[in-house]
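Single-letter residue listing:
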Amino acid sequence: MEVLMLWLFPWIFQCVSVRADSIIHIGAIFEGNAAKDDEVFKQAVSDLNLNDDILQSEKITYSIKLIEANNPFHAVQEACDLMTLGILALVTSTGCASANALQSLTDAMHIPHLFVQRNTGGSPRTACHLNPSLEEEEYTLAARPPVRLNDVMLKLVTELRWQKFIVFYDSDYDIRGLQGFLDQASRLGLDVSLQKVDRNISRVFANLFTTMKTEELNRYRDTLRRAILLLSPRGAQTFINEAVETNLASKDSHWVYVNEEITDNEILELVHSALGRMTVIRQIFPLSRDNNQRCMRNNHRISSLLCDPQEGYLQMLQVSNLYLYDSVLMLANAFHRKLEDRKWHSMASLNCMRKSTKPWNGGRSMLETIKKGHITGLTGVMEFREDGANPYVQFEILGTSYSETFGKDVRRLATWDSEKGLNGSLQERRLGNDLQGLTLKVVTVLEEPFVMVAENILGQPKRYKGFSIDVLDALAKNLGFKYEIYQAPDGKYGQQLQNSSWNGMIGELINKRADLAISAITITPERESVVDFSKRYMDYSVGILIKKPEEKINIFSLFAPFDFAVWACIAAAIPIVGVLIFVLNRIQAVRAQNASQPSPSASSTLHSAIWVVYGAFVQQGGESTVNSVAMRIVMGSWWLFTLIVCSSYTANLAAFLTVSRMDNPIRTFQDLSKQMDISYGTVRDSAVYEYFKAKGTNPLEQDNTFAELWRTISKNNGADNCVSNPSEGIRKDKEVNLEQVHRRMNSLIDEDIAHKQISPASIEISALEIGGMQPTQTLEPVREYQNTQLSVTTFLPEQTTHGASRTLTAASGSNLPLPLSSSATMPSIQCKHRSPNGGLFRQSPVKTPIPMSFQSVPGGVIPEAMEPSHGTSI
């Protein structure tokens, strides 16, 4: 306590010394957790002191006290200290508990009190129910308008025609603030549910899945389709994220977030986390569009730090900070009028601890002067009614349309103010019938089964068919328009280029060459920022398309369920048990002879005993007369063993055949990135291409899977592994593996050379790029062939089909070096990789096969080479 007094004494002494030179001294009480209240208050006093015309060269002095939040006793104690110094008015920014205590004190001491209510923990504000004054003289004026969120919410749900919805509120929200809203909703016949959200939002959703059955969860999911959130901005974002991740939110969900105080950045974060439609209600303040007039208020210039949005400081302030600034302006207006009327009442030092202390005799006159004031400040018009409330308040209603993506544009739907009510429409904009008789130009991209070329008649415009075309025909019929359809010149859906322009169908729309685009286009945030999309009609995810492996028939697959050791044990058990049966049968026969009884004929020989054991193993029975106890024990054990082995074999065989059909070495992107044998790609400039680009180049991505995938996909800017359209990728999925063909051909030739002399018959050679060989280049190993006709099949691009064949002649007995061994090094082989993956396609463009024949030439080299751009393949 001594340390506290030592700190307070010089601070109070400084205030007193400043106050001695001024007749205007005001007190201020702020909560310690309010970071900007004292800054804004000091800025307001500084702006007023810079203007000599307002207070006739008088300066405002002040004393500031900081208190603990929700501590009424501390607030009263500090207010008494301020009254001891002598103040003309008290400005406070506290919660409701401290405001009630300060109201009682200021009413008793007749000190005008301008109260600015603060939010609690970022939750929506509820009205403070102040205690009525016993003398009917209320000296507390609420600078912040009454809470009108209930009126805005009721207007919103009636405009949206909601009949059933749920309201979520957090622990910091006073549920009593919803009483009026619930009463009016009940009179309208609305079904409203309330649910309190704990601070641990993750636990709230976890409890839903542990306490609710499937049917209850489905009903709860349906309830979440219409929800009002009375939470803090951070709590609302977490709540929506949990709803999306637990699959309780859907694309037709509509979230309404209500809070007077929410910044633009918080709105963007909230909108981008939501699935479905998002509506936000917040308080706004009109600003003058004229930069010269924006900072002028009643011939008073406000600091540009507070009046110019470009400064960025306004985004850091709360609504309570703005009302705090205007409260100081309101007091200055009252002081100005008092000075003009020469009805100034000097300040008096009041000791509120003494019972004999009389209230300030000038308090009543000062209060009436403040109530008659009218200013225009940062929050707009401020004045007080008879009940001491500031009535003027305005809200804006921001919203998005229904969308399946998480990146949506926010636009103002309507405004609501305390005088005119709702201004605007909250309904989604519908496509009207103003297209009647118009002819629209429609751009498309071919992709089955959405858009396909139909059978066309010669001389007639090209006709199209497909699911998207059926939708377009239905729209044209219902809305009465005609259309002319054409394909995008570059055959692309649309991607933003480096110069910020767009190609594909999106570029056609932006450049106004087309009125409408229709195809199987993916909705992305980047595309949504430049064009409008319809509601989605199909869901899909990125998948892997891989060539189906050839089924290999193995005649020994019947033995696969058991290991070789198991089969060996079974094969050994049959003769061993047969020998045991034979021995027991012989013993029984000897005993039968001694007892003069006829001996059984079955299993009398070794081979017959083994036959009986084998017949029992394959469940075919066998002739066996079991008379002795030992024989019964042996045969019973063998039958039980046979039953277990056969059951295990049947089950394992079924499982083995099923697993073999489902065997696939690549199931996930991780599997794809870890292997090097299979090349993969996707459609260039597609949404999937951009998806892998964004994930693969993101430095914050902890998993390097997408970085590895993007490194392969973007090789040579996508020219090596990517294709221009999905159909091309599917065709390459059907190509033959050239490496396997090359190795198979070499092995066949080696076998043929080892057994016989090669005849002058023709030999088919594959995977040789003649244009890649230099005149002095030879390949190892080299084989010599004489009098041999070689035929090579070359694949050239479709647009370069001219001059596709030439004949090279040579004298008999010439040598031609050829890479016929599997270890030979080939100059260049196009499209030599194995099967690609789905959604991701193989390399090499479409090529047209053109036969080309030549003969061997002297010297083992080819004098004239093909153009280097012409690759060679099968």
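Structure shown above.
The structure displayed is predicted, hence computed values, not measured ones.

## Overview of the overall build of the chain
Here is step 1 of the chain: Per the secondary structure count, the chain includes 25 helices and 25 strands.
Here is step 2 of the chain: When contacts within the chain are restricted to residue pairs at least 6 apart in sequence, those whose partners lie at least 24 apart make up 73%.
Here is step 3 of the chain: A total accessible area of about 47,400 Å² is found for the chain, and carbon and sulfur atoms account for 52% of it.

## A short note on the pattern of salt bridges
Here is step 1 of the chain: Tallied over the entire structure, the rule returns 22 salt bridges.
Here is step 2 of the chain: A salt bridge links D174 to R176, with the nearest nitrogen and oxygen atoms 2.8 Å apart.
Here is step 3 of the chain: Its relative accessible area of 60% is what places R176 among the exposed residues.
Here is step 4 of the chain: In this structure, E396 engages R282 in a salt bridge whose closest nitrogen and oxygen atoms are separated by 2.6 Å. Here E396 is found in strand β15 (residues 394–399), whereas its partner R282 is found in strand β10 (residues 277–283), with 114 residues between them in sequence.
Here is step 5 of the chain: A relative accessible area of 4% means that E396 is categorised as buried.
Here is step 6 of the chain: Taking the relative accessible area as the measure of exposure, R282 reaches 14% and is therefore buried.
Here is step 7 of the chain: Overlapping salt bridges, with partners in common, bring together R125, R144, E260 and E261 in one network.

## What to know about the sheet that holds strand β18 (residues 439–444)
Whenever strands of a sheet pair, they do so through backbone hydrogen bonds, lying parallel or antiparallel.
Here is step 1 of the chain: Read from one edge to the other, the open sheet built from three strands follows the order β21-β18-β22, with strand pairing classed as parallel. Two strands lie at the open edges of the sheet, namely β21 (482–487) and β22 (516–517), each paired on one side alone.
Here is step 2 of the chain: Note: β18 against β22, two bridges, orientation parallel. Counterpart to V443 in the pairing with β22 is A517.
Here is step 3 of the chain: Sheet strands in contact with helix α15 (residues 467–479) are β18, β21 and β22, and its direction is about 155° off that of β21.

## Quick word on the nonpolar core
Here is step 1 of the chain: Counting 65 residues, the largest nonpolar core has F41, I111, Y325, L331, F335 and I370 as its most contacted members.
Here is step 2 of the chain: Setting aside anything within four residues of it in sequence, one finds I111 in contact with M83, I87, A89, L90, T106, Y139, L350 and W360.

## Side note on the packing of aromatic side chains
Here is step 1 of the chain: Tallied over the entire structure, the rule returns 20 aromatic pairs.
Here is step 2 of the chain: Seen from their ring centres, F285 and Y323 are 5.8 Å apart, and the 75° between their planes marks the pair as edge-to-face. Of this pair, F285 sits in the loop between β10 and α11 (291–294) while Y323 sits in helix α13 (residues 319–341), placing them 38 residues apart in sequence. Each of the two residues, F285 as well as Y323, counts as buried.
Here is step 3 of the chain: Here the aromatic cluster, defined as three or more aromatic residues joined through ring pairs, consists of F168, F205, F239 and W255.
Here is step 4 of the chain: K695 extends its terminal NZ or CZ atom over the ring of F706, reaching a point 5.1 Å from the ring centre.

## Description of helix α8 (residues 214–223)
Here is step 1 of the chain: Those residues of α8 not exposed but buried are L217, Y220 and T223. One side of α8 holds all its buried residues, which, seen down the axis, span an arc of 115°. Residues of α8 that are exposed and point over 90 degrees away from its buried face: T214 and R219.
Here is step 2 of the chain: Buried residues belonging to α8 abut β6 (164–170), β7 (191–197), α7 (201–211) and β8 (226–230).

## Considerations on a nonpolar patch on the surface
Here is step 1 of the chain: Together, F467, V471, L475, Y537 and M538 make up an exposed nonpolar region whose accessible area comes to about 450 Å².
Here is step 2 of the chain: For Y537, the location among the structural elements is in the loop between α17 (525–528) and α18 (564–594).
Here is step 3 of the chain: In this structure Y537 comes out as partly exposed when scored by relative accessible area, which is 42%.

## Details of the pairing of strand β16 (residues 411–417)
Here is step 1 of the chain: Burial within β16 is extensive, with five of its seven residues counted as buried.
Here is step 2 of the chain: With six bridges connecting them, β15 and β16 associate as antiparallel partners. Each bridged residue has a counterpart across the sheet, and for Q394 the counterpart in β16 is D417.
Here is step 3 of the chain: Here four bridges tie β16 to strand β17 (residues 421–424), and the two strands are oriented antiparallel to one another. In the strand pairing of β17, D417 is matched with G421.
Here is step 4 of the chain: Here β16 folds back onto β17 in antiparallel fashion, the turn holding three residues.

## What about the packing of helix α5 (residues 149–159) against helix α6 (residues 179–187)?
Here is step 1 of the chain: At a closest axis distance of 9 Å, the pairing of α5 and α6 adopts a crossing angle of 25°. When the axis of α5 is compared with that of α6, the two are roughly parallel. Pair α5 / α6 crosses with right-handed handedness. For the pair formed by α5 and α6, the contact residues are N150, D151, M153 and L154 on the first element and F181, Q184 and A185 on the second.
Here is step 2 of the chain: In terms of residue class, the contact of α5 with α6 is made up of four nonpolar, two polar and one charged.

## A closer look at the environment of N478
Here is step 1 of the chain: Among the structural elements, N478 can be located in helix α15.
Here is step 2 of the chain: With a relative accessible area of 63%, N478 lands in the exposed category.
Here is step 3 of the chain: Residues N478 and Q436, 42 residues apart in the sequence, show an inter-C-alpha distance of 9.4 Å.

## Section: unusual backbone geometry
With the exception of glycine, the majority of residues adopt a negative phi angle, and the majority of peptide bonds are in the trans configuration.
Here is step 1 of the chain: A cis amide bond links E448 with the next residue in sequence, P449, at an omega value of -5°.
Here is step 2 of the chain: Here P449 is to be found in the loop between β18 and β19 (452–453).
Here is step 3 of the chain: The phi torsion at H110 lies on the positive side, around 60°, for a residue other than glycine.
Here is step 4 of the chain: Inspection of the secondary structure puts H110 in the loop between α4 (96–109) and β4 (113–117).

## Focus on the state of the cysteines
Here is step 1 of the chain: Across all of its chains, the model carries two disulfides by this definition.
Here is step 2 of the chain: In this model, C80 is linked to C352 through a disulfide, with the two sulfur atoms separated by 1.9 Å. Of this pair, C80 sits in helix α3 (residues 72–85) while C352 sits in the loop between α13 and α14 (363–371), placing them 272 residues apart in sequence.
Here is step 3 of the chain: For C352, a relative accessible area of 17% gives the class buried.
Here is step 4 of the chain: Linked covalently through their sulfurs, C96 and C128 form a disulfide whose S-S length is 1.7 Å. Measuring handedness by torsion sign, the sulfur bridge of C96 and C128 sits at about -80° and is left-handed. Of the two residues, C96 sits in helix α4 while C128 sits in the loop between β4 and β5 (140–142), which places them 32 residues apart along the sequence.
Here is step 5 of the chain: Classification of C128 as buried rests on a relative accessible area of 17%.

## Some details on the side chain of T415
Here is step 1 of the chain: For T415, the position within the fold is in strand β16.
Here is step 2 of the chain: T415 gets classed as buried once you look at its relative accessible area, which sits at 10%.
Here is step 3 of the chain: T415 has contacts with Q394, F395, E396, G421, L422 and N423, leaving out every residue within four places of it along the chain.

## Focus: the packing of helix α22 (residues 687–696) against helix α23 (residues 705–713)
Here is step 1 of the chain: For the pair α22 and α23, the least separation of the axes is 8 Å and the interaxial angle reads 125°. The angle between α22 and α23 places the two elements in the oblique class. When you trace α22 past α23, the crossing you get is left-handed. Contacts between α22 and α23 involve Y689, Y691, F692, K693, K695 and G696 from the first element and F706, A707, L709, W710 and I713 from the second.
Here is step 2 of the chain: Here the contact of α22 with α23 is composed, by residue class, of eight nonpolar, one polar and two charged.

How each quantity is defined
Sequence positions are assigned chain by chain, starting from 1 and proceeding in written order. Given that this is a predicted model, residues contribute local features only at a pLDDT of at least 70 and side-chain atom pairs are listed and counted only at 80 or more, while totals for whole chains, interfaces and linings are drawn from all residues. Only hydrogens and water are set aside; all other atoms, that is, all heavy atoms of the structure, feed into the side-chain values. The secondary structure listing takes helices from DSSP runs of H or I that are at least 4 residues long and strands from runs of E that are at least 2 residues long, numbered from the N terminus. Contacts were defined at the residue level, with two residues in contact if any of their heavy atoms lie within 4.5 Å. Residue-level accessible areas treat just the shown protein chains as cover; the underlying method is Shrake-Rupley with a 1.4 Å probe. Here a salt bridge means any side-chain nitrogen of Lys or Arg lying within 4 Å of a carboxyl oxygen belonging to Asp or Glu. Relative accessibility decides the category of a residue: with a 1.4 Å probe and only protein chains considered, values under 20% of the type maximum give buried, values over 50% give exposed, and everything between is partly exposed. Note on pairing: two strands pair once DSSP finds at least 2 bridges between them. Interaxial angle, 0 to 180 degrees, is taken between N-to-C directions of lines fitted to C-alpha atoms, where a helix line uses only the stretch in contact. For the purposes of this section, nonpolar cores are sets of buried Ala, Val, Leu, Ile, Met, Phe, Trp, Tyr and Cys residues that join through side-chain atoms within 4.5 Å. Aromatic contacts are taken between Phe, Tyr and Trp rings whose centres are within 6.5 Å, Trp giving its six-membered ring; a plane angle under 30 degrees counts as stacked, one over 60 as edge-to-face, and the others as tilted. Only Lys NZ and Arg CZ are tested; either one counts as a charge over a ring when it is within 6 Å of the ring centre and within 35 degrees of the ring normal. Arc definition: directions from the helix axis to the C-beta atoms. For patch detection, residues must exceed 30% relative accessible area and be free of salt bridges, and they are connected within 9 Å for like charges or within 5 Å for nonpolar side chains (Val, Leu, Ile, Met, Phe, Trp, Tyr). Roughly parallel refers to an angle under 35 degrees, roughly antiparallel to one over 145, roughly perpendicular to one between 65 and 115, and oblique to any angle outside these ranges. For a crossing to be left-handed, the near helix must be turned anticlockwise from the far one by less than a right angle; the clockwise case is right-handed. Nonpolar residues are Ala, Val, Leu, Ile, Met, Phe, Trp, Tyr, Cys and Pro. Charged residues are Asp, Glu, Lys and Arg, and all others, Gly as well, are polar. Only a pair of cysteine sulfur atoms within 2.5 Å qualifies as a disulfide here.

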